[in-house]
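Analysis of the macromolecular model
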Amino acid sequence: MRIHPPGPPVRALPGLLRKLVVDRLGLMKDAAALGDAVRVSMGPKKLYVFNRPDYAKYILADNSANYHKGIGLVEARRVLGDGLLTSDGEVWRNQRRAVQPAFKPGRINQQAGAVAEESVKLVALLRAHEGGGPVDILQEVTGLTLGVLGRTLLDLGLDAYDSIAHSFEEVQDQAMLEMVTQGMVPGWLPLPAQGRFRRARRELYRVADALVADRSARMTGGEPADDALSRIIKAAGEQERDPERVRRRLREELVTLLLAGHETTASTLGWTLHLLAGHPEARERVRAEAREVLDGRGPELGDLHRLTYTTKVVQEAMRLYPPVWVLPRVAQQDDTVGGYHVSAGADVLVCPYVMHRNPALWDDPERFDPERFDPERVASRPRYAYIPFGAGPRFCVGSNLGMMEAVFVTALVTRDLELRPVRGGEAVAEAMLSLRMRGGLPMTVHPVS
């Protein structure tokens, strides 16, 4: 006998359908209020929402082969093609295998100096605004994460390509439209957003072509080829014979790497600095720790494990505002999750944002409390209660680099500067489907008193 998860009452379906289009985060919250496993039927379409650690473990890790990329990421292929974020099966395995060595802890540790230098540059840029008008912190940390990405994973600078961040805003808006409309808006329609998207995509492809040409020339000249870009170039040349297919593949994979490599870390930094601005006690603890550990200098690799409270602050920011707030999948075959039947072709969602705020897993979950990440408290929670980087085979390949950036920048900025928000951003930002702070994060910069 097949047992289905409970669903909402029929009278609630119109509201849920509306939220499916305009407020997916709200839909996830409503589903969580119905239980840890919920099934929403919309005609032939079935949507399953699972928000318990053991369910997440089964879907994302134990039986991950049955759950391919789902809502949003499928539609995003028009934007990103078959890059590492959107591909599946053998294509994804080949891509992951090619790029994985560039993210090994040993190699990332060797990049600590570059991360520290970019962090120091950010502090200098912000200090120039002391006593002046508002500065968009999100824009500034986005510049930092792009700079780190270029130096650590591409072995080149991105300073000459200042169009990247704006172009990504346009393609992310288009990806959101594709997700909301399920790809039903024809690309040929002369809508202003479509035109902006096409121009942004052309610009990103132009940048990708230039970066590939630069790195390829240096590889031919005998430079070491252990960074992510050189590995992508090498793999594409070995696995594809058609030059046009090689060029398309390199474009798609590099644009995906650029997007995934900077946007999530920038979002984490933005939320971390926002939360510290509103919690003076935590801010002072971070500042005291940074002064003691760094002693007036820039951070080094060995400091990463000494900045323990700062690390907890970043972890707590990612609990409240996970870099990827929903993990969409599509069931390939009929399956059973936690005793509940899941039909083939159904959309299956695991929502870290909701699970990270589940009162059965977290005491007073809406409260900002970095002490949740004391080792003894971590050990008492289920492993999959906290999954800011995803889980299973598709666990974020750049998690080590992202954490290093976030901890170094949080420590330096908090030690040397006082950031004060110009206005609240949470209510507006949480209304965004992706939890991206598109309106920016304006703050004023002041010297530390």
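Keep in mind the model is a prediction, meaning the values are calculated, not measured.

**Overview of the pairing of strand β2 (residues 45-50)**
A regular strand places its side chains so that they alternate between the two faces of the sheet. Taken across its six residues, β2 has five buried, putting it largely inside the fold. Sheet topology note: the β2/strand β8 (residues 347-350) ladder contains four bridges and is parallel. Note that in β8 the partner of Tyr 48 across the bridge is Val 348.

**Here we look at the side chain of Thr 272**
The residue Thr 272 is located in helix α12 (residues 243-277) in this model. Those residues in contact with Thr 272 that sit more than four places away from it in its chain are Val 313, Val 314, Ala 317 and Thr 410.

**Some points on the environment of His 446**
Position of His 446 relative to the elements: it lies in strand β10 (residues 442-447). Note on His 446: relative accessible area 19%, which makes it buried. If we skip the residues at most four places from it in the chain, His 446 touches Glu 130, Leu 417, Glu 418 and Arg 420. In this structure the side chain of His 446 is engaged in a polar contact, spanning 2.8 Å, whose partner is the side chain of Thr 444.

**Some points on the pairing of β10**
Taking burial as the measure, the six residues of β10 include five buried ones, the bulk of the element. Relative to β10, strand β4 (residues 135-136) is paired through two bridges, and the arrangement is antiparallel. Within β10, the residue paired with Asp 136 across the bridge is Pro 442. As paired strands, strand β9 (residues 417-421) and β10 are joined by five bridges and run antiparallel to one another. For Glu 418, the partnering residue across the bridge sits in β10 and is His 446.

**What about the confidence of the model for the chain?**
Within the chain, residue pLDDT values average 85, and 87% of them lie at 70 or more. Low confidence marks residues 425-434, where pLDDT is under 50. Its contacts with residues over four positions away, or in another chain, come to 25 contacts.

**Digging into the sheet that holds β10**
Pairing within the open sheet is antiparallel, and its three strands lie in the order β4-β10-β9. Sheet topology places β4 and β9 at the edges, where each strand pairs with a single neighbour.

**Focus: helix α17 (residues 399-416)**
Between the first and last C-alpha of α17 there are 26 Å, a value that for 18 residues agrees with the 26 Å anticipated at 1.5 Å per step. Most of α17 sits inside the fold, with 17 of its 18 residues counted as buried.

Cut-offs used in this document
Residues numbered from 1 in each chain as written. Predicted model: local features only at pLDDT ≥ 70, side-chain atom pairs only at ≥ 80, totals over all residues. Heavy atoms only, no water. Buried < 20%, exposed > 50% of the residue type's maximum accessible area, 1.4 Å probe, protein only. Helix = DSSP H or I, 4+ residues; strand = E, 2+ residues; numbered from the N terminus. Pairing = 2+ DSSP bridges. Contact = heavy atoms within 4.5 Å. Polar contact = N/O pair within 3.5 Å; in protein donor to acceptor, adjacent residues only side chain to side chain. pLDDT = per-residue confidence, 0-100. Expected span 1.5 Å × (residues − 1).

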